[in-house]
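In case you want the letters, here they are:
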Amino acid sequence: QGLRVAQQIWWEILCGSLRKVHDALTELTERASTDLDCLCPTLSGTSPTEAAATPWLSDNHNGNRSTTRVEFNQSEVWYYKPRPLDMEVALSDAVDLLRDGLPEFKALQLPRNVARGEYGWSSAIVAGEIKSEEEERNYFRQSGALLALIRTLGGMDFFSENIIADRNGHPV
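Here's what I pulled together on the structure shown here. What you see is a predicted model; the values in this text were computed from it and never measured.

## Some remarks on the overall build of the chain
Next up, step 1: Summing up its helical and strand segments, the chain has four helices and five strands in all.
Next up, step 2: Compactness check: the chain gives a C-alpha radius of gyration of 20 Å against a globular reference of 16 Å for 172 residues, more than 25% above the reference.
Next up, step 3: Counting every position in the chain, which comprises 172 residues, the buried fraction comes to 32%.
Next up, step 4: In the chain, 60% of the contacts between residues at least 6 apart in sequence involve partners at least 24 apart.
Next up, step 5: Entry remark: accessible area of the chain is about 11,000 Å², with carbon and sulfur atoms responsible for 53%.
Next up, step 6: For the chain, the separation between the mean place of its 17 positive charges and that of its 25 negative charges on side chains is 3 Å.

## Some remarks on helix 1 (residues 2–39)
Next up, step 1: In this model, helix 1 (38 residues) spans 52 Å end to end at C-alpha, consistent with the 56 Å of a helix rising 1.5 Å per residue.
Next up, step 2: The set of residues buried in helix 1 consists of Gly 16, Ala 24, Glu 27, Leu 28, Arg 31, Ala 32, Asp 35, Leu 36 and Leu 39.

## Focus: the packing of helix 2 (residues 86–98) against helix 4 (residues 133–152)
For any two helices packed against each other, one specifies the inter-axial angle together with the distance between the axes.
Next up, step 1: The contact between helix 2 and helix 4 brings their axes to 10 Å, and the two run at 125°. With respect to each other, helix 2 and helix 4 are oriented oblique. With respect to the hand of their crossing, helix 2 and helix 4 are arranged in right-handed fashion. Between helix 2 and helix 4, the residues in contact are Met 87, Leu 91, Ala 94, Val 95 and Leu 98 and Leu 146, Leu 149 and Ile 150, respectively.
Next up, step 2: Taken together, the residues of the contact of helix 2 with helix 4 sort by class into eight nonpolar, no polar and no charged.

## Quick look at the sheet that holds strand 2 (residues 68–72)
Next up, step 1: Strand order in the open sheet formed by five strands is 1-2-3-5-4, with antiparallel pairing between adjacent strands. Lying at the two open borders of the sheet, with one neighbouring strand each, are strand 1 (51–54) and strand 4 (113–115). Averaged over all adjacent pairs, the angle separating strand axes in this sheet is 20°, with direction ignored.
Next up, step 2: Inspection of the sheet shows strand 2 paired to strand 3 (residues 76–81) by five bridges, in the antiparallel sense. Bridge pairing in strand 3 places Arg 69 opposite Tyr 79.
Next up, step 3: Along the sheet, helix 1 makes contact with strand 2, strand 3, strand 4 and strand 5 (120–123), crossing strand 3 at roughly 130°.

## Quick notes on the packing of aromatic side chains
What describes a pair of aromatic rings is the distance from one ring centre to the other and the angle between the planes of the rings.
Next up, step 1: Using the criterion set out here, one finds four aromatic pairs in the structure.
Next up, step 2: On the numbers, 5.9 Å between centres and 45° between planes, the contact of Tyr 80 with Tyr 119 is tilted. Here Tyr 80 is found in strand 3, whereas its partner Tyr 119 is found in the loop between strand 4 and strand 5, with 39 residues between them in sequence.
Next up, step 3: Classification of Tyr 80 by relative accessible area gives buried; the value is 2%.
Next up, step 4: Taken together through their ring pairs, the aromatic side chains of Tyr 80, Tyr 119 and Trp 121 make up a single cluster.

## So, the side chain of Ser 66
Next up, step 1: Summarising the element assignment, Ser 66 is placed in the loop between strand 1 and strand 2.
Next up, step 2: Ser 66 gets classed as buried once you look at its relative accessible area, which sits at 4%.
Next up, step 3: Other than its neighbours up to four places away in sequence, Ser 66 contacts Pro 55, Trp 56, Leu 57, Ser 58, Asp 59, Asn 60, Tyr 80 and Pro 82.

## Some details on the nonpolar core
Next up, step 1: Ranked by size, the top nonpolar core spans 12 residues in total: Leu 28, Ala 32, Leu 36, Leu 39, Cys 40, Val 70, Phe 72, Trp 78, Tyr 80, Val 114, Tyr 119 and Trp 121.
Next up, step 2: Where this core is concerned, the elements lending two or more residues are helix 1, strand 2 and strand 3.
Next up, step 3: A per-element tally of this core places helix 1 first, with four residues.
Next up, step 4: Setting aside anything within four residues of it in sequence, one finds Leu 39 in contact with Phe 72, Glu 76, Trp 78, Val 114 and Trp 121.

The rules behind these values
Residues numbered from 1 in each chain as written. Predicted model: local features only at pLDDT ≥ 70, side-chain atom pairs only at ≥ 80, totals over all residues. Heavy atoms only, no water. Helix = DSSP H or I, 4+ residues; strand = E, 2+ residues; numbered from the N terminus. Rg over C-alpha atoms; globule rule 2.2 N^0.38 Å. Buried < 20%, exposed > 50% of the residue type's maximum accessible area, 1.4 Å probe, protein only. Contact = heavy atoms within 4.5 Å. Areas by Shrake-Rupley, 256 points an atom, 1.4 Å probe, with all protein chains shown as cover. Lys, Arg positive; Asp, Glu negative; His and termini not counted. Charge placed at Lys NZ, Arg CZ, Asp CG, Glu CD. Expected span 1.5 Å × (residues − 1). Axes fitted to C-alpha atoms, helices over the stretch in contact; angles between N-to-C directions. Parallel < 35°, antiparallel > 145°, perpendicular 65-115°, else oblique. Left-handed = near helix turned anticlockwise from the far one by under 90°. Nonpolar A, V, L, I, M, F, W, Y, C, P; charged D, E, K, R; others polar. Pairing = 2+ DSSP bridges. Phe/Tyr/Trp six-rings, centres within 6.5 Å; stacked < 30°, edge-to-face > 60°. Core = buried A, V, L, I, M, F, W, Y, C linked by side-chain atoms within 4.5 Å.

Below you can see the structure in the form of C-alpha cells.
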C-alpha cells in the first residue's frame, strides 16, 4: 500500500514537471515565431528552413523556463531569456552614452537586445582570445569600467563565464 502511494506521488510530480516543460517549450516556439522578423530580418517574412534550440542554459524561472540558445538556418543565433531585459537595455543605452567620452567604452560591442516586456532575446557573441599583453591590459581596464557601470545600474549575475572576450578581445 505504501509503495503504491509513493509511486502515485512520484508519477504526479513527474507529470507536473513534464507539463511545465511542454508549456515552456510551446511558449518559446510561439514567441520565436512572433518575433522572427526582428530576430532574422534577412529572412524578410519567410520562415527559416531550420531552427535548433538548446534549452535550460540557466537556472529555471517561472515554471521551468530558462535561457535557451536558438539558431535559425545555421546562421542567426539568439538567446531567449524568459525574463525582462531591462538591465541589458539600460546597460546598452549607458554604454552608448559613454562611448564618446570614455576610451574604455569606445570599442565595446554589447549584444543586440529585443525586449518584449516579460521576456526578450539577446544576440549571440562570438568568443575570442586575447592575443597580447596590450590586449590583456585593455581587456581588464574595459572589464573594470563595464563592471563599475553594471554595479551602478544595479546589475547582478555578472561574473566569471558571464563576461567573455569577444573576437576583438573586448569584454562582453
